[in-house]
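# Fold and geometry: a report
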Amino acid sequence: MNDANNALDQETHIEGPLYAAAKRIYPQRVHGLFRNIKWYTLLACLGVYYFLPFLRWNRGPNLPDQAVLLDLANRRFYFFFIEIWPQEVYYFTGLLIIAALVLFLMNSVGGRIWCGYLCPQTVWTDLFMAVERHIEGDRRDRIKLDAEPWHTQKIIKKVAKHTVWLGIAWWTGGAWVLYFADAPTLVRDLIFFDAPMTAYLWIGILTFTTYALAGHMREQVCLYMCPWPRIQAALTDEKALNVTYRYDRGEPRMSVKEAVKVRATGAPAGDCVDCMQCVNVCPTGVDIRHGSQLGCIQCGLCIDACDTVMTKIGRPTRLIAYDTDDAVNARIKGLPYEYKLIRARTLMYVAIIAIVGGAMIYQLATRMTAGISVLHDRQPLFVTLSDGSIRNAYTVRLLNKRPDNRQFALTIDAPPGAVAQVVGAVETADWRPIVEVGPDRTLEIRLLITMPKDAVKEKSQLITIKASDLFAGEVVSAVDHFIGPGS
Amino acid sequence: MSAHLEKDAVTGTATTGHEWDGIKELNTPLPKWWLQVFYATIIWSFGYFIVYPSWPLINGHLPGLFGYSSRAEVVKDLADLKVRRGAQATALEKASLEDILKSPDMSRIALAQGKAAFGDNCAPCHGLGGVGGKGYPNLIDDDWLWGGKLDDIHTTLVNGARWTGNDETRLSDMVGFVKQGLLKSDEADASIEYVRSLAKLDVAQGADLAKGKKVFADNCASCHGDDGKGKQEVGAPNLTDAIWLFGSDRKSMTETVYNGRMGVMPAWGNRLDPVTIKSLTVYVHSLGGGK
C-alpha cells in the first residue's frame, strides 16, 4: 500500500520550478577572424536593408523608378528589371523553394551559417549589443552596473542605451515602409506628417518588434520562438562543418602550469584551460564544450575567443574550430580524415537549386508581355438568334504588361462562317475587332461569337480565341468551348 | 511530498518524475516571460471588453467606449461610396446614352453598375445574363418586341409594359381570339397552321392554309403585319423567325391564340434613379442584342 502511494507520489509530483527566469547573458567583447566576418556581414545586410529603397531604376514613363517596390495599391511588385503581377506569384514560390534549398545546402556545408551570420535576429541583436557595449562597457562593467543600486550614472547610461536602441528600431520600421511606396516622397511625407496612417502604424509596429526582439528577447527568440534550430538539428550530419570543440585535443582540462607538469611525465594533457572565455563571449550563453546544441547559433565567436587564449599560452590555435564529427572521431582513432565538400548530399542540393533556378530563369526570359483569359458565359450557354444561328458570349480579359498603349486584334479559330464581335469595339480592320489596352493594365471585353445554324453540329466544340498585337506581333491565345443545342 | 529529486545522468537536468516506457521527461522550465505574455493577453482582452460592444443587457448591449457598430460602418462606407461616385454619377446623368456607350470610361462604370442593378431587379424574371424564359423575353438575342435601340430599351425600362398607372407604358393587346368569340376554333386552328408555315415549322397534314391566310389577314395582320414579321411600334413579335417567347409547339400556340398573352413588365422609372436606369440600358444593350 505504502509502496503504491509512493509510486503515485513520484509519478504525479513534479520537482523543481515549472517556470524559470531567463538567465541574463553578458557577452564579452571579442576580436578575430569570425568577429570581423560578422561585422562585414552586418554592414552589408543592414546597408542593403536601409538603403535599397532609395536605389532608382529607370523603367520608362508610366512606371515607378524605384528598384525594389511592393506596390500593393496597384498590385505590382518591381524588382530591378522584373515586374511581377499578382497572378505570377509563383515566382515567389520558386524563390522560397530556392531559399529553403540554399539553407539546406549551407547546413550540409557549414552548419548554421544562416543563424550565425545572416539571420535578421542575429544581425540586429549584434548591433544592439555593440551599442550596449559602447555605452555600458564590456561584460564585467555591465554585470557590475546591473548589480549596483540606481544612481545618476546608471540612469544616464540606461536612458542613453534605450534611446539609441529605440532610434535604431524606429529607423528599421521607417526603412520597412519605404519598400511599399516611393521612398523619397514617403520620407518627405513622413517628416511633414503627410504620410498615410498605415505608414506610421507599421513604423510603430516594427519599432516595437525590433526594440523588443533585438534589445530584450535576443537569444530567447532562438531558444523558444524560432523553428529553425529544431529543423537544422535534423539537417546537419557528421560530415558537415560545425563549430566544434575538439575534445580529442582539449580533454582532460587542466591549468597551464599543471599541463606543463603532466606533459613532462609523458601523460596526456588537454589544451583546454577552462578559462570560460568561449562561454563569456557567446551571444546565446551556451558552453560549446557540451557539443553541438540547440542554443548554439554557430557564429564562431568562441573560436576567436579560444584562439586568443591559445595564442597567449603558446598552444596551437583552433581548439574550437569549424570541424566535422567524423574528423574528431577519426583523430581519436588515429585515422586520417579529409573534409569532403563535394558529396552526394551537397551535389543533390546544388542540382535541385540549379533545376529550380533554371526553370525560373527560363520562365522569366520567355515571359509574355501580353495575356488573355477567357470565361464563357455561364448563363445562358448559348442563344438562338432570329435567323436560327447560334451565339455564344465570352468575357475576355486582355493583359498588357508593357508600359505603353497596345492595340490587339481579336480573331478566332472556328469553323467557317463563325463571326467574332466585340461589344463596344471602336475600330475593325480586315473584319477583326480591334481593342486598345492601356499601359500596364488589363481590359475586360465582351466577345460574341455567332455561327450559322448548319455549322453548329455538336453540343460543344473547341474554339481558339487569339489576340494579336498589331505592332509588336505578339500573339496570345486561349481555348474555350462553343456550345450549341446539339442535334 | 517526497524530497526525491532525480537527475538525468547525461544532461544533469532534473526530471519531472514522469516516465513512459523507460523514457523520463526532463524538467526544462518554461521561461517566465512566456507565462507573462500569456497573462498580458488576458489583460489585453479586458481592453476589448471595455472599448468594444460586449456585455448583453436586457434591452441591447453595452456599447463600449469606441461606440463601434458594424451597422454604422456599413452606413458610413455607403455614404463614402456615394461621395466617391458623385462625379461619375453626374457625368452619367448628363451624358446621352450614345455618349456613354462610346466613352470607354463611362461605359465601364455604367456596365458595372448596370450588371449589379440587373441582378437585383431584372434577373428574377429575365434570368441572370438576360436569358429570359417562357413569357419573359430573352434580352441577349437579336429579336426585340419593343425595339433594341438604346432609346427603345430606355423607354421600356422607364415605363414598363402594360403597367397600370403609367400612361406611357408599352401597350398592346394579344387578346384571346377564341375566348372572346372573335374567332371560331376551326378558324383559329387554321391561322395557327398558316403561321407555322410562315415560320417554316411543320404544318399539319391537310391543313387549309388558304383559310388560315385569310383569317390571318383579317385578324392578325393589323399588328403582326401582312407578312407576319411583326411591328415593334405595337410590340407585335415577328412570327417568321426562330424566336418564340411563349413557345412554338402547337399546344403553346393554341393557348396563345385561344386565350391571349399579356406579359407585364413594371415601370422602373418610379423605382430606380435615372442614372441606374441609364446604366441598365447600356448593360442590356451590351448583352449581345443591342441595335
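Conventions used here
- Residues numbered from 1 in each chain as written.
- Chains lettered and ligands numbered in written order.
- Predicted model: local features only at pLDDT ≥ 70, side-chain atom pairs only at ≥ 80, totals over all residues.
- Helix = DSSP H or I, 4+ residues; strand = E, 2+ residues; numbered from the N terminus.
- Rg over C-alpha atoms; globule rule 2.2 N^0.38 Å.
- Buried ≥ 20, exposed ≤ 12 C-beta atoms within 10 Å, placed from the backbone.
- Contact = placed C-beta atoms within 7 Å.
- Nonpolar A, V, L, I, M, F, W, Y, C, P; charged D, E, K, R; others polar.
- pLDDT = per-residue confidence, 0-100.
- Core = buried A, V, L, I, M, F, W, Y, C linked by C-beta atoms within 7 Å.
- Expected span 1.5 Å × (residues − 1).
- Bend = angle between axes of the 7 residues up to and from the residue.

When its secondary structure is counted, chain A shows 17 helices and 16 strands. Computed over the C-alpha atoms, the radius of gyration of chain A is 33 Å, more than 25% above the 23 Å expected from 2.2 N^0.38 for a compact globule of 487 residues. Looking at chain A as a whole, 25% of its 487 residues qualify as buried. Sequence separation of 24 or more characterises 69% of the internal contacts of chain A that already satisfy a separation of 6 or more.

Moving on to the interface of chain B and chain A. Taken together, the 33 residues of chain B in the interface contact 30 residues of chain A. Sorting the residues of the side of chain B that touches chain A by element identifies strand E1 (15-20), strand E3 (30-31) and helix H1 (32-51) of chain B as the ones contributing at least two each. For the side of chain B that touches chain A, the class distribution of residues is 15 nonpolar, 13 polar and five charged.

Let us look at the confidence of the model for chain B. Residues of chain B with pLDDT of at least 70 account for 98%, and the chain-wide mean is 90. Under the prediction, the complex receives an ipTM of 0.76, its pTM being 0.79.

Next up on the list: the environment of alanine 112 of chain B. When you line up the elements, alanine 112 of chain B lands in helix H4 (residues 104-126). Between the alpha carbons of alanine 112 of chain B and leucine 280 of chain B there is a distance of 9.4 Å; along the sequence they are 168 residues apart.

Moving on, we come to the nonpolar core. Counting 45 residues, the largest nonpolar core has Leu398, Phe408, Leu410, Leu447 and Ile449 of chain A together with Tyr283 of chain B as the members making the most contacts within it. Residue contributions to this core peak at six residues, all from strand E9 (residues 390-400) of chain A. Not counting residues up to four positions away in its chain, the partners in contact with leucine 447 of chain A are Tyr394, Val396, Leu410, Ala420, Val422 and Ile465 of chain A. Counting 35 residues, the second largest nonpolar core, distinct from the first, contains Ile113, Val243, Val281 and Cys306 of chain A.

Residue and element names in this part refer to chain B. For helix H7 (residues 209-224), spanning 16 residues, the distance from its first C-alpha to its last is only 17 Å, which falls clearly below the expected 22 Å at 1.5 Å a residue. Considering bend angle alone, the principal kink of H7 is centred on aspartate 218 and spans about 50 degrees. Buried within H7 are the following residues: Gly212, Val215, Phe216, Cys220 and His224. Those residues of H7 hidden inside the fold are in contact with helix H6 (185-198). Positive backbone phi, approximately 85 degrees, marks glycine 225, located one or two places after H7.

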